Amino acid sequence: MPEYRKILAATDLSETSIGAVDRAADLAKKLGASLTLLYVVTDRIPPMVLAVAGVSMDVLLEQH
């Protein structure tokens, strides 16, 4: 079996993906590997809407 030092687990924070993250954490613990979680926030709000609302994307991401 290859030696794994790093494990990357992507999540969308859904119940299903949290189960996958739990399994990745268990695997990392058993193998003595580090675990990195990846959660991506997409920019679905058009810049024009943000400009009119007077809210910056940085503020929205900080609140998220």
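What you see is a predicted model; the values in this text were computed from it and never measured.

Caption draft 1: Examining the overall build of the protein chain more closely. For the protein chain, the helix and strand inventory stands at three helices and two strands. For the protein chain, the sequential pattern of α-helices and β-strands runs β-α-β-α-α. Taking all 64 residues of the protein chain together, the buried fraction comes to 14%. By sequence separation, contacts in the protein chain at least 24 residues apart represent 55% of the contacts at least 6 residues apart. Carbon and sulfur atoms provide 59% of the accessible area of the protein chain, an area that totals close to 5,600 Å².

Caption draft 2: Structural detail: the nonpolar core. The biggest cluster of nonpolar side chains holds six residues, and these are Ile7, Ala9, Val21, Ala24, Ala28 and Ala33. Counting only elements with at least two residues in this core, the list comes to β1 (6–10) and α1 (15–31). Looking at this core, the element that brings in the most residues is α1, giving three residues.

Caption draft 3: Quick look at unusual backbone geometry. With a phi angle near 65°, Leu13 is a residue other than glycine that sits in the positive phi range. We classify Leu13 as exposed; its relative accessible area is 51%.

Caption draft 4: Seen up close, the pairing of strand β2 (residues 34–38). The pairing of β1 with β2 spans five bridges and is parallel. Looking at β2, one finds that Ala9 is bridged to Leu37. Handedness of the crossover is the feature at issue here: the chain leaves β1, passes through α1, returns alongside β2, and the resulting connection is right-handed.

Caption draft 5: Just α1, in detail. The end-to-end C-alpha distance of α1, which contains 17 residues, comes to 25 Å, matching closely the 24 Å that a straight helix rising 1.5 Å per residue would cover. Once α1 ends, the next one or two residues include Gly32, with phi positive near 70°.

Caption draft 6: Seen up close, the side chain of Ser17. Considering the arrangement of structural elements, one finds Ser17 in helix α1. You can call Ser17 buried: its relative accessible area is 11%. Side-chain polar atoms of Ser17 contact the backbone nitrogen of Leu13, separated by 3.3 Å. Apart from the residues lying within four places of it in its own chain, the contact partners of Ser17 are Thr11 and Asp12.

Calculation criteria
Residues numbered from 1 in each chain as written. Predicted model: local features only at pLDDT ≥ 70, side-chain atom pairs only at ≥ 80, totals over all residues. Heavy atoms only, no water. Helix = DSSP H or I, 4+ residues; strand = E, 2+ residues; numbered from the N terminus. Buried < 20%, exposed > 50% of the residue type's maximum accessible area, 1.4 Å probe, protein only. Contact = heavy atoms within 4.5 Å. Areas by Shrake-Rupley, 256 points an atom, 1.4 Å probe, with all protein chains shown as cover. Core = buried A, V, L, I, M, F, W, Y, C linked by side-chain atoms within 4.5 Å. Pairing = 2+ DSSP bridges. Right-handed = clockwise from strand over helix to strand, strands pointing away. Expected span 1.5 Å × (residues − 1). Polar contact = N/O pair within 3.5 Å; in protein donor to acceptor, adjacent residues only side chain to side chain.

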